[in-house]
Amino acid sequence: MKNIKFISLLTTSLLLFSCSNTSIKTTSVLDEALTKLRSGFQFEGSLVQERTFYKDSNFTKVDTTITEESELRSESNFSFTFQNDGFSRSVTVYDYNYKDFVPYTSGIYFKDEEGYLYSEYLTSENTIGRDYVLDEYNKVTLSAAAFDNPFTFIRSEEFTKVDDLTYTLDNDKLSFIFNRLCGFYTLGTINPPKENKVTVNKNNDITRIKFSPTTRYVSEYDSTYGTYLYYSIEQTFDFYILNEGKNNLTHLEALPSKEYENSELKEAFSNFDGSNLTLNVSYKSDSSTKITYRNIYYDSKSVYVKEFTNEGDGNENNIDSTYDYVLAINPSSNKYEARKYDEELKLWIPSNNTKFGKINQDKYDYSSLTPQINGVSVDLFTFDNATNSYVSENDATIDIGKKAFQPVASELRSIYGNYSSKISVTLDNDSSIKLVTINYAYTDLFSSGPSSTGTITLRFSSYGNTTLPFNTVIE
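Residues numbered from 1 in each chain as written. Predicted model: local features only at pLDDT ≥ 70, side-chain atom pairs only at ≥ 80, totals over all residues. Heavy atoms only, no water.

Caption draft 1: Main features of the overall build of the protein. Counting its regular elements, the protein contains five helices and 25 strands. By residue count, 45% of the 475 residues in the protein fall in the buried class. Carbon together with sulfur atoms contributes 47% to the accessible area of the protein, which is approximately 24500 Å² in total. (Helix = DSSP H or I, 4+ residues; strand = E, 2+ residues; numbered from the N terminus. Buried < 20%, exposed > 50% of the residue type's maximum accessible area, 1.4 Å probe, protein only. Areas by Shrake-Rupley, 256 points an atom, 1.4 Å probe, with all protein chains shown as cover.)

Caption draft 2: How the structure looks around the side chain of Thr397. One can find Thr397 in helix H5 (residues 397-403). Polar contacts involving the side chain of Thr397 include one to the main-chain amide nitrogen of Glu393, which spans 3.4 Å. Those residues in contact with Thr397, other than ones at most four positions away along the chain, are Ser392, Ser420, Ser421, Lys422 and Ile423. (Polar contact = N/O pair within 3.5 Å; in protein donor to acceptor, adjacent residues only side chain to side chain. Contact = heavy atoms within 4.5 Å.)

Caption draft 3: The environment of Asp85, seen in detail. Among the secondary structure elements, Asp85 is positioned in the loop between strand S2 (73-83) and strand S3 (86-95). Taking C-alpha positions, Asp85 is 9.7 Å from Glu113, a pair spaced 28 residues apart along the chain. Not counting residues within four places of it along the chain, the set of residues in contact with Asp85 comprises Tyr109, Phe110, Lys111 and His251.

Caption draft 4: Representation of the pairing of strand S12 (residues 206-212) in the model. Relative to S12, strand S11 (residues 195-200) is paired through six bridges, and the arrangement is antiparallel. For Asn196, the partnering residue across the bridge sits in S12 and is Phe211. The pairing of S12 with strand S14 (residues 227-242) spans four bridges and is antiparallel. Paired with Ile209 across the strands is Phe239, a residue of S14. (Pairing = 2+ DSSP bridges.)

Caption draft 5: Up close: the packing of aromatic side chains. This model, assessed by the stated rule, comprises 33 aromatic pairs. Pairing Tyr304 with Phe470 gives two aromatic rings, centres 5.6 Å apart and planes at 70°, and the pair type is edge-to-face. Note that Tyr304 is positioned in strand S17 (residues 303-308) and Phe470 in the segment after strand S25 (452-461), a separation of 166 residues in sequence. For Tyr304, a relative accessible area of 0% puts it in the buried group. Relative to Tyr390, the ring of Phe383 has its centre 5.0 Å away and its plane inclined at 65°; by these criteria the two rings are edge-to-face. Ring-pair connections join several aromatic residues into one group, and the members of that group are Phe41, Phe43, Phe80, Phe82, Phe151, Phe211, Phe237 and Phe239. Taking the ring centre of Tyr231 as reference, the NZ or CZ of Arg51 above it sits at 4.5 Å. (Phe/Tyr/Trp six-rings, centres within 6.5 Å; stacked < 30°, edge-to-face > 60°. Lys NZ or Arg CZ within 6 Å of the ring centre and 35° of its normal.)

Caption draft 6: Region of interest: the nonpolar core. Residues Phe381, Phe405 and Ile433 are the most contacted members of the largest nonpolar core, which totals 43 residues. In contact with Phe381, other than residues within four places in its own chain, are Lys258, Asn262, Leu265, Phe269, Val376, Tyr390, Val391, Ser392, Ile400, Ile423 and Val425. Formed by 30 residues, the second largest nonpolar core is a distinct cluster that contains Phe87, Phe151, Leu169 and Ile209. (Core = buried A, V, L, I, M, F, W, Y, C linked by side-chain atoms within 4.5 Å.)

Laid out in C-alpha coordinates, this is it:
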(Lines give C-alpha, C1' and ligand atoms only; values in the text may rest on other atoms or scores of the structure.)
Protein backbone atom coordinates (compact mmCIF):
# COMPACT_ATOMS: atom_id res chain seq x y z
CA MET A 1 0.00 0.00 0.00
CA LYS A 2 1.32 3.41 -0.79
CA ASN A 3 2.10 5.66 2.17
CA ILE A 4 -0.52 8.40 2.04
CA LYS A 5 0.52 11.58 3.78
CA PHE A 6 -1.94 12.97 6.29
CA ILE A 7 -1.05 16.55 5.60
CA SER A 8 -0.50 18.43 2.40
CA LEU A 9 2.58 20.69 2.46
CA LEU A 10 1.12 23.25 0.11
CA THR A 11 0.71 26.98 0.43
CA THR A 12 -3.02 26.54 0.33
CA SER A 13 -5.51 28.55 2.31
CA LEU A 14 -7.47 26.72 4.93
CA LEU A 15 -11.03 26.09 3.95
CA LEU A 16 -13.44 28.13 5.98
CA PHE A 17 -15.77 26.58 8.48
CA SER A 18 -19.45 27.38 8.28
CA CYS A 19 -21.76 27.44 11.22
CA SER A 20 -23.66 29.98 13.28
CA ASN A 21 -23.07 30.85 16.93
CA THR A 22 -26.09 31.31 19.10
CA SER A 23 -24.39 32.37 22.35
CA ILE A 24 -24.20 35.95 23.54
CA LYS A 25 -21.21 37.80 22.02
CA THR A 26 -18.54 39.41 24.18
CA THR A 27 -17.92 43.14 23.73
CA SER A 28 -14.69 44.77 24.88
CA VAL A 29 -13.30 42.51 27.60
CA LEU A 30 -10.77 41.03 25.16
CA ASP A 31 -9.77 44.30 23.50
CA GLU A 32 -6.68 44.70 25.67
CA ALA A 33 -5.61 41.10 25.01
CA LEU A 34 -5.94 41.59 21.27
CA THR A 35 -3.97 44.85 21.43
CA LYS A 36 -1.09 42.97 23.08
CA LEU A 37 -1.22 40.21 20.49
CA ARG A 38 -1.02 42.77 17.70
CA SER A 39 2.29 43.99 19.17
CA GLY A 40 3.86 40.56 19.40
CA PHE A 41 3.44 37.02 20.65
CA GLN A 42 4.84 33.51 20.68
CA PHE A 43 2.72 30.68 19.40
CA GLU A 44 3.60 27.03 20.07
CA GLY A 45 1.67 23.86 19.60
CA SER A 46 0.96 20.78 17.57
CA LEU A 47 -1.24 19.19 14.96
CA VAL A 48 -2.12 15.53 15.51
CA GLN A 49 -3.80 13.60 12.72
CA GLU A 50 -5.18 10.10 13.17
CA ARG A 51 -6.67 7.89 10.52
CA THR A 52 -9.05 4.93 10.80
CA PHE A 53 -9.47 2.56 7.86
CA TYR A 54 -12.77 0.93 6.93
CA LYS A 55 -13.70 -2.08 4.81
CA ASP A 56 -16.18 -0.29 2.57
CA SER A 57 -17.74 3.06 1.72
CA ASN A 58 -20.33 2.70 4.49
CA PHE A 59 -17.56 3.53 7.00
CA THR A 60 -19.02 1.17 9.59
CA LYS A 61 -16.69 -1.84 9.66
CA VAL A 62 -13.13 -1.03 10.73
CA ASP A 63 -10.32 -2.57 8.70
CA THR A 64 -7.80 -3.85 11.26
CA THR A 65 -5.34 -5.23 8.70
CA ILE A 66 -3.59 -1.87 8.33
CA THR A 67 -1.28 -1.53 11.32
CA GLU A 68 1.67 0.63 10.15
CA GLU A 69 2.01 3.57 12.51
CA SER A 70 2.90 5.89 9.63
CA GLU A 71 -0.48 5.07 8.05
CA LEU A 72 -2.46 5.62 11.23
CA ARG A 73 -0.96 8.65 12.95
CA SER A 74 1.21 11.71 12.34
CA GLU A 75 2.22 14.62 14.53
CA SER A 76 3.70 18.02 13.68
CA ASN A 77 5.06 20.56 16.13
CA PHE A 78 4.99 24.29 15.42
CA SER A 79 6.79 27.28 16.84
CA PHE A 80 5.99 30.81 15.71
CA THR A 81 7.04 34.21 17.03
CA PHE A 82 5.67 37.48 15.72
CA GLN A 83 6.50 41.11 16.37
CA ASN A 84 5.80 44.24 14.38
CA ASP A 85 9.03 44.09 12.34
CA GLY A 86 9.53 40.36 11.91
CA PHE A 87 8.70 36.80 12.76
CA SER A 88 10.28 33.42 13.30
CA ARG A 89 8.80 30.13 12.39
CA SER A 90 9.76 26.47 12.58
CA VAL A 91 7.86 23.32 11.78
CA THR A 92 8.87 19.80 12.71
CA VAL A 93 7.14 17.00 10.85
CA TYR A 94 7.62 13.59 12.44
CA ASP A 95 7.91 10.79 9.93
CA TYR A 96 7.14 7.59 11.80
CA ASN A 97 8.54 5.46 8.99
CA TYR A 98 12.05 6.38 10.07
CA LYS A 99 11.41 7.45 13.67
CA ASP A 100 13.08 10.68 12.71
CA PHE A 101 12.18 14.22 11.80
CA VAL A 102 13.00 16.62 9.02
CA PRO A 103 12.65 20.40 9.47
CA TYR A 104 10.33 21.68 6.77
CA THR A 105 10.89 25.38 7.22
CA SER A 106 12.37 27.54 9.94
CA GLY A 107 14.11 30.83 10.51
CA ILE A 108 13.91 34.35 11.91
CA TYR A 109 12.81 36.97 9.42
CA PHE A 110 12.43 40.76 9.45
CA LYS A 111 10.97 43.25 7.02
CA ASP A 112 13.04 46.08 5.57
CA GLU A 113 12.07 49.70 5.00
CA GLU A 114 10.00 48.70 1.97
CA GLY A 115 8.34 45.72 3.64
CA TYR A 116 10.46 43.01 2.01
CA LEU A 117 11.26 39.88 3.97
CA TYR A 118 14.82 38.94 4.91
CA SER A 119 16.83 36.94 7.41
CA GLU A 120 20.05 38.17 9.00
CA TYR A 121 23.45 36.51 9.08
CA LEU A 122 26.88 37.39 10.40
CA THR A 123 29.25 37.88 7.48
CA SER A 124 32.92 36.93 7.23
CA GLU A 125 33.71 40.67 7.50
CA ASN A 126 31.91 40.79 10.91
CA THR A 127 29.00 42.78 9.53
CA ILE A 128 25.31 41.93 9.40
CA GLY A 129 24.11 40.71 6.02
CA ARG A 130 20.59 40.37 4.69
CA ASP A 131 19.40 37.24 2.91
CA TYR A 132 16.14 38.15 1.17
CA VAL A 133 13.32 35.69 0.69
CA LEU A 134 12.67 35.27 -3.03
CA ASP A 135 9.69 34.02 -4.98
CA GLU A 136 11.66 32.79 -7.98
CA TYR A 137 13.48 36.06 -8.78
CA ASN A 138 11.44 38.62 -6.82
CA LYS A 139 11.63 39.75 -3.22
CA VAL A 140 8.67 38.80 -1.03
CA THR A 141 6.84 41.14 1.34
CA LEU A 142 5.77 40.18 4.84
CA SER A 143 2.10 40.29 3.89
CA ALA A 144 2.56 38.43 0.61
CA ALA A 145 4.28 35.64 2.49
CA ALA A 146 1.06 35.20 4.52
CA PHE A 147 2.89 35.99 7.74
CA ASP A 148 1.25 39.24 8.69
CA ASN A 149 -0.17 39.26 12.20
CA PRO A 150 -3.55 37.48 12.08
CA PHE A 151 -4.77 39.18 15.25
CA THR A 152 -4.69 42.50 13.40
CA PHE A 153 -7.85 41.35 11.62
CA ILE A 154 -9.71 39.90 14.63
CA ARG A 155 -12.12 41.88 16.83
CA SER A 156 -13.34 41.14 20.34
CA GLU A 157 -16.99 40.96 19.19
CA GLU A 158 -16.06 37.90 17.13
CA PHE A 159 -15.60 35.88 20.32
CA THR A 160 -18.46 34.15 22.15
CA LYS A 161 -18.19 33.73 25.90
CA VAL A 162 -18.75 30.24 27.29
CA ASP A 163 -17.61 30.94 30.86
CA ASP A 164 -15.16 33.29 32.59
CA LEU A 165 -12.11 31.49 31.20
CA THR A 166 -13.42 30.07 27.95
CA TYR A 167 -14.59 31.52 24.63
CA THR A 168 -15.26 30.32 21.14
CA LEU A 169 -14.08 32.27 18.11
CA ASP A 170 -15.97 32.97 14.94
CA ASN A 171 -15.25 29.99 12.69
CA ASP A 172 -14.14 32.06 9.71
CA LYS A 173 -11.63 33.94 11.88
CA LEU A 174 -10.48 30.72 13.53
CA SER A 175 -9.71 29.39 10.09
CA PHE A 176 -8.02 32.68 9.22
CA ILE A 177 -5.56 32.37 12.14
CA PHE A 178 -4.41 28.96 11.07
CA ASN A 179 -4.31 30.01 7.44
CA ARG A 180 -1.75 32.65 8.46
CA LEU A 181 0.30 30.58 10.89
CA CYS A 182 -0.01 27.11 9.37
CA GLY A 183 -1.10 28.04 5.87
CA PHE A 184 0.51 25.11 4.08
CA TYR A 185 -1.79 22.67 5.89
CA THR A 186 -5.12 21.88 4.28
CA LEU A 187 -7.92 20.81 6.58
CA GLY A 188 -10.00 19.42 3.79
CA THR A 189 -13.41 20.11 5.35
CA ILE A 190 -16.14 22.71 5.14
CA ASN A 191 -17.98 21.47 8.20
CA PRO A 192 -18.04 23.28 11.57
CA PRO A 193 -15.41 22.10 14.07
CA LYS A 194 -16.26 19.58 16.75
CA GLU A 195 -14.20 21.60 19.22
CA ASN A 196 -13.60 25.35 19.20
CA LYS A 197 -12.06 26.53 22.44
CA VAL A 198 -10.21 29.75 23.29
CA THR A 199 -8.81 29.86 26.83
CA VAL A 200 -8.03 33.06 28.75
CA ASN A 201 -6.44 33.63 32.15
CA LYS A 202 -7.74 35.77 34.98
CA ASN A 203 -6.28 38.86 33.31
CA ASN A 204 -8.29 38.07 30.19
CA ASP A 205 -5.12 37.31 28.23
CA ILE A 206 -5.64 34.71 25.52
CA THR A 207 -3.38 31.77 26.42
CA ARG A 208 -4.58 28.82 24.34
CA ILE A 209 -6.51 27.98 21.18
CA LYS A 210 -7.67 24.45 20.48
CA PHE A 211 -9.98 23.08 17.84
CA SER A 212 -10.83 19.90 15.98
CA PRO A 213 -12.59 19.86 12.61
CA THR A 214 -15.48 17.50 12.10
CA THR A 215 -14.32 14.03 11.10
CA ARG A 216 -13.55 13.81 7.42
CA TYR A 217 -14.40 10.62 5.47
CA VAL A 218 -12.37 9.80 2.37
CA SER A 219 -12.75 7.30 -0.47
CA GLU A 220 -9.52 7.11 -2.43
CA TYR A 221 -8.49 4.89 -5.31
CA ASP A 222 -5.15 3.11 -4.82
CA SER A 223 -3.70 2.68 -8.32
CA THR A 224 -0.93 0.42 -7.03
CA TYR A 225 -3.34 -2.32 -5.97
CA GLY A 226 -6.29 -1.37 -8.13
CA THR A 227 -8.65 -0.97 -5.20
CA TYR A 228 -10.32 1.73 -3.10
CA LEU A 229 -9.22 2.85 0.34
CA TYR A 230 -11.82 4.06 2.81
CA TYR A 231 -10.74 5.98 5.87
CA SER A 232 -11.62 8.79 8.27
CA ILE A 233 -9.30 11.58 9.45
CA GLU A 234 -9.39 13.10 12.93
CA GLN A 235 -7.38 16.30 13.40
CA THR A 236 -6.59 18.23 16.56
CA PHE A 237 -4.84 21.61 16.62
CA ASP A 238 -3.62 22.68 20.06
CA PHE A 239 -1.65 25.94 20.45
CA TYR A 240 -0.41 27.97 23.39
CA ILE A 241 0.20 31.72 23.26
CA LEU A 242 3.16 33.09 25.25
CA ASN A 243 4.78 36.46 25.89
CA GLU A 244 2.05 38.48 24.27
CA GLY A 245 2.81 42.16 23.79
CA LYS A 246 6.58 41.65 23.92
CA ASN A 247 9.37 41.99 21.41
CA ASN A 248 10.70 38.44 21.45
CA LEU A 249 13.04 38.75 18.47
CA THR A 250 16.38 40.53 18.48
CA HIS A 251 18.52 41.63 15.56
CA LEU A 252 22.00 40.17 15.14
CA GLU A 253 24.94 42.29 16.21
CA ALA A 254 28.56 42.29 15.07
CA LEU A 255 31.07 40.64 17.40
CA PRO A 256 33.35 42.86 19.55
CA SER A 257 36.72 43.83 18.12
CA LYS A 258 39.64 41.46 18.71
CA GLU A 259 42.27 43.33 16.70
CA TYR A 260 44.50 43.74 19.74
CA GLU A 261 44.54 40.12 20.96
CA ASN A 262 44.56 38.81 17.38
CA SER A 263 47.21 41.23 16.08
CA GLU A 264 49.43 38.42 14.73
CA LEU A 265 46.49 36.89 12.85
CA LYS A 266 45.64 40.31 11.45
CA GLU A 267 49.19 40.64 10.17
CA ALA A 268 48.96 37.20 8.55
CA PHE A 269 45.68 38.04 6.84
CA SER A 270 46.92 41.44 5.68
CA ASN A 271 50.14 40.04 4.22
CA PHE A 272 48.65 36.96 2.62
CA ASP A 273 49.47 36.63 -1.08
CA GLY A 274 48.15 33.55 -2.85
CA SER A 275 49.75 34.26 -6.20
CA ASN A 276 52.92 32.24 -5.55
CA LEU A 277 52.75 29.34 -3.11
CA THR A 278 52.27 25.60 -2.76
CA LEU A 279 48.92 24.39 -1.46
CA ASN A 280 48.50 20.79 -0.27
CA VAL A 281 44.88 19.87 0.36
CA SER A 282 43.30 16.71 1.78
CA TYR A 283 39.61 15.82 1.99
CA LYS A 284 38.32 13.34 4.56
CA SER A 285 34.71 12.35 5.22
CA ASP A 286 33.93 11.06 8.72
CA SER A 287 31.90 8.23 7.20
CA SER A 288 34.83 6.84 5.20
CA THR A 289 38.46 5.89 5.67
CA LYS A 290 39.29 7.17 2.20
CA ILE A 291 41.28 10.41 1.87
CA THR A 292 41.66 12.29 -1.39
CA TYR A 293 44.47 14.73 -2.04
CA ARG A 294 45.14 17.71 -4.28
CA ASN A 295 48.49 19.47 -4.58
CA ILE A 296 48.37 22.86 -6.29
CA TYR A 297 51.45 24.81 -7.33
CA TYR A 298 51.19 28.53 -8.14
CA ASP A 299 54.17 30.21 -9.84
CA SER A 300 52.54 33.66 -10.26
CA LYS A 301 51.58 32.89 -13.85
CA SER A 302 50.42 29.28 -14.23
CA VAL A 303 48.95 26.57 -11.98
CA TYR A 304 49.91 22.89 -11.74
CA VAL A 305 47.26 20.57 -10.22
CA LYS A 306 48.00 17.03 -9.07
CA GLU A 307 45.11 14.93 -7.72
CA PHE A 308 45.58 11.50 -6.13
CA THR A 309 44.15 9.08 -3.55
CA ASN A 310 47.31 7.49 -2.13
CA GLU A 311 49.32 9.89 -0.02
CA GLY A 312 52.66 8.71 -1.40
CA ASP A 313 51.58 9.48 -4.98
CA GLY A 314 51.94 13.19 -4.33
CA ASN A 315 55.69 12.77 -4.05
CA GLU A 316 56.15 11.06 -7.41
CA ASN A 317 58.96 12.59 -9.44
CA ASN A 318 57.13 12.35 -12.71
CA ILE A 319 54.08 13.68 -14.49
CA ASP A 320 50.89 11.63 -14.25
CA SER A 321 49.43 12.26 -17.69
CA THR A 322 46.09 10.74 -16.65
CA TYR A 323 45.26 12.97 -13.69
CA ASP A 324 47.68 15.90 -13.65
CA TYR A 325 46.81 19.09 -15.50
CA VAL A 326 47.98 22.66 -15.72
CA LEU A 327 46.03 25.88 -15.98
CA ALA A 328 47.67 28.31 -18.37
CA ILE A 329 46.58 31.52 -20.01
CA ASN A 330 44.97 31.31 -23.42
CA PRO A 331 46.45 34.15 -25.53
CA SER A 332 43.22 34.43 -27.52
CA SER A 333 40.88 34.98 -24.57
CA ASN A 334 43.41 36.18 -21.99
CA LYS A 335 41.71 33.73 -19.62
CA TYR A 336 42.87 30.40 -18.25
CA GLU A 337 42.43 27.04 -19.97
CA ALA A 338 43.20 23.49 -18.81
CA ARG A 339 45.99 21.57 -20.50
CA LYS A 340 46.80 17.87 -20.47
CA TYR A 341 50.22 16.34 -20.99
CA ASP A 342 50.78 14.59 -24.30
CA GLU A 343 53.30 11.77 -23.77
CA GLU A 344 54.26 11.61 -27.45
CA LEU A 345 54.68 15.31 -28.07
CA LYS A 346 56.05 15.98 -24.58
CA LEU A 347 53.87 19.09 -24.51
CA TRP A 348 50.92 20.41 -22.48
CA ILE A 349 47.99 20.51 -24.91
CA PRO A 350 44.68 22.37 -24.35
CA SER A 351 42.08 19.77 -23.36
CA ASN A 352 38.50 19.45 -22.14
CA ASN A 353 39.25 15.94 -20.81
CA THR A 354 41.04 16.82 -17.59
CA LYS A 355 39.65 16.77 -14.05
CA PHE A 356 39.10 20.50 -14.50
CA GLY A 357 36.38 19.80 -17.07
CA LYS A 358 35.25 22.13 -19.82
CA ILE A 359 32.42 24.27 -18.42
CA ASN A 360 34.64 27.11 -17.22
CA GLN A 361 37.42 26.90 -19.79
CA ASP A 362 38.57 30.39 -20.72
CA LYS A 363 36.43 32.03 -18.02
CA TYR A 364 38.81 32.48 -15.07
CA ASP A 365 41.54 35.00 -14.50
CA TYR A 366 44.52 34.11 -12.29
CA SER A 367 43.11 35.52 -9.04
CA SER A 368 40.08 33.24 -9.39
CA LEU A 369 42.35 30.20 -9.31
CA THR A 370 44.19 31.17 -6.13
CA PRO A 371 43.17 31.05 -2.46
CA GLN A 372 41.98 34.36 -1.03
CA ILE A 373 41.38 35.91 2.38
CA ASN A 374 38.65 38.23 1.01
CA GLY A 375 38.48 40.61 3.95
CA VAL A 376 37.82 38.00 6.64
CA SER A 377 37.71 39.74 10.02
CA VAL A 378 40.02 38.61 12.82
CA ASP A 379 37.18 39.50 15.23
CA LEU A 380 35.61 36.15 14.33
CA PHE A 381 38.51 34.10 15.74
CA THR A 382 39.57 33.12 19.24
CA PHE A 383 43.05 31.88 20.06
CA ASP A 384 43.15 28.32 21.37
CA ASN A 385 46.20 27.66 23.53
CA ALA A 386 45.74 23.90 23.40
CA THR A 387 46.15 23.74 19.62
CA ASN A 388 48.14 26.97 19.18
CA SER A 389 45.63 28.06 16.54
CA TYR A 390 42.95 30.65 15.94
CA VAL A 391 39.46 29.13 15.89
CA SER A 392 36.22 30.39 14.40
CA GLU A 393 33.15 28.55 15.62
CA ASN A 394 30.36 31.11 15.44
CA ASP A 395 27.53 32.21 13.16
CA ALA A 396 29.97 33.67 10.63
CA THR A 397 32.00 30.49 10.19
CA ILE A 398 29.84 29.23 7.34
CA ASP A 399 30.37 32.52 5.44
CA ILE A 400 34.13 32.31 6.00
CA GLY A 401 34.12 28.83 4.52
CA LYS A 402 32.36 30.12 1.42
CA LYS A 403 34.78 32.99 0.78
CA ALA A 404 38.22 32.27 2.17
CA PHE A 405 41.22 29.92 2.22
CA GLN A 406 40.17 27.55 -0.55
CA PRO A 407 40.75 28.62 -4.18
CA VAL A 408 37.90 30.64 -5.63
CA ALA A 409 37.32 28.48 -8.73
CA SER A 410 34.74 25.76 -8.07
CA GLU A 411 36.91 23.13 -9.80
CA LEU A 412 39.69 23.65 -7.24
CA ARG A 413 37.63 23.71 -4.07
CA SER A 414 35.30 21.42 -2.14
CA ILE A 415 31.65 22.43 -2.02
CA TYR A 416 31.60 21.20 1.59
CA GLY A 417 33.56 24.30 2.53
CA ASN A 418 30.25 26.14 2.11
CA TYR A 419 28.93 24.23 5.14
CA SER A 420 31.82 24.85 7.52
CA SER A 421 31.11 24.50 11.22
CA LYS A 422 34.59 25.16 12.58
CA ILE A 423 37.71 26.72 11.05
CA SER A 424 41.15 26.65 12.63
CA VAL A 425 44.12 28.72 11.41
CA THR A 426 47.69 27.93 12.49
CA LEU A 427 50.50 30.38 11.80
CA ASP A 428 54.15 29.65 11.02
CA ASN A 429 57.09 31.19 12.87
CA ASP A 430 57.15 34.11 10.42
CA SER A 431 53.45 34.84 11.08
CA SER A 432 52.37 33.47 7.71
CA ILE A 433 49.41 31.12 7.35
CA LYS A 434 50.71 27.56 7.66
CA LEU A 435 47.66 25.35 8.19
CA VAL A 436 43.90 25.79 7.86
CA THR A 437 41.47 23.09 9.00
CA ILE A 438 37.83 23.33 7.93
CA ASN A 439 35.32 21.06 9.68
CA TYR A 440 32.02 20.83 7.85
CA ALA A 441 28.52 19.48 8.50
CA TYR A 442 26.16 19.22 5.56
CA THR A 443 22.51 18.26 6.00
CA ASP A 444 20.23 17.54 3.06
CA LEU A 445 16.86 19.05 4.02
CA PHE A 446 15.10 16.72 1.60
CA SER A 447 16.54 13.59 3.18
CA SER A 448 15.91 12.00 6.56
CA GLY A 449 19.45 10.64 6.63
CA PRO A 450 22.26 11.89 8.89
CA SER A 451 24.48 14.86 8.18
CA SER A 452 27.62 14.53 6.09
CA THR A 453 30.56 15.60 8.23
CA GLY A 454 34.25 15.73 7.55
CA THR A 455 37.43 17.78 7.35
CA ILE A 456 39.20 19.79 4.68
CA THR A 457 42.88 20.36 5.51
CA LEU A 458 44.93 23.01 3.67
CA ARG A 459 48.69 23.33 4.10
CA PHE A 460 50.40 26.47 2.77
CA SER A 461 54.13 26.62 2.03
CA SER A 462 56.87 28.00 -0.24
CA TYR A 463 55.44 31.52 -0.35
CA GLY A 464 57.11 33.51 -3.12
CA ASN A 465 59.45 30.76 -4.33
CA THR A 466 57.15 28.09 -5.80
CA THR A 467 57.91 26.82 -9.28
CA LEU A 468 55.92 24.31 -11.30
CA PRO A 469 57.02 20.73 -10.54
CA PHE A 470 58.81 18.32 -12.87
CA ASN A 471 60.51 21.21 -14.69
CA THR A 472 57.20 21.93 -16.35
CA VAL A 473 57.41 24.54 -19.09
CA ILE A 474 54.27 26.17 -20.44
CA GLU A 475 54.55 27.39 -24.00
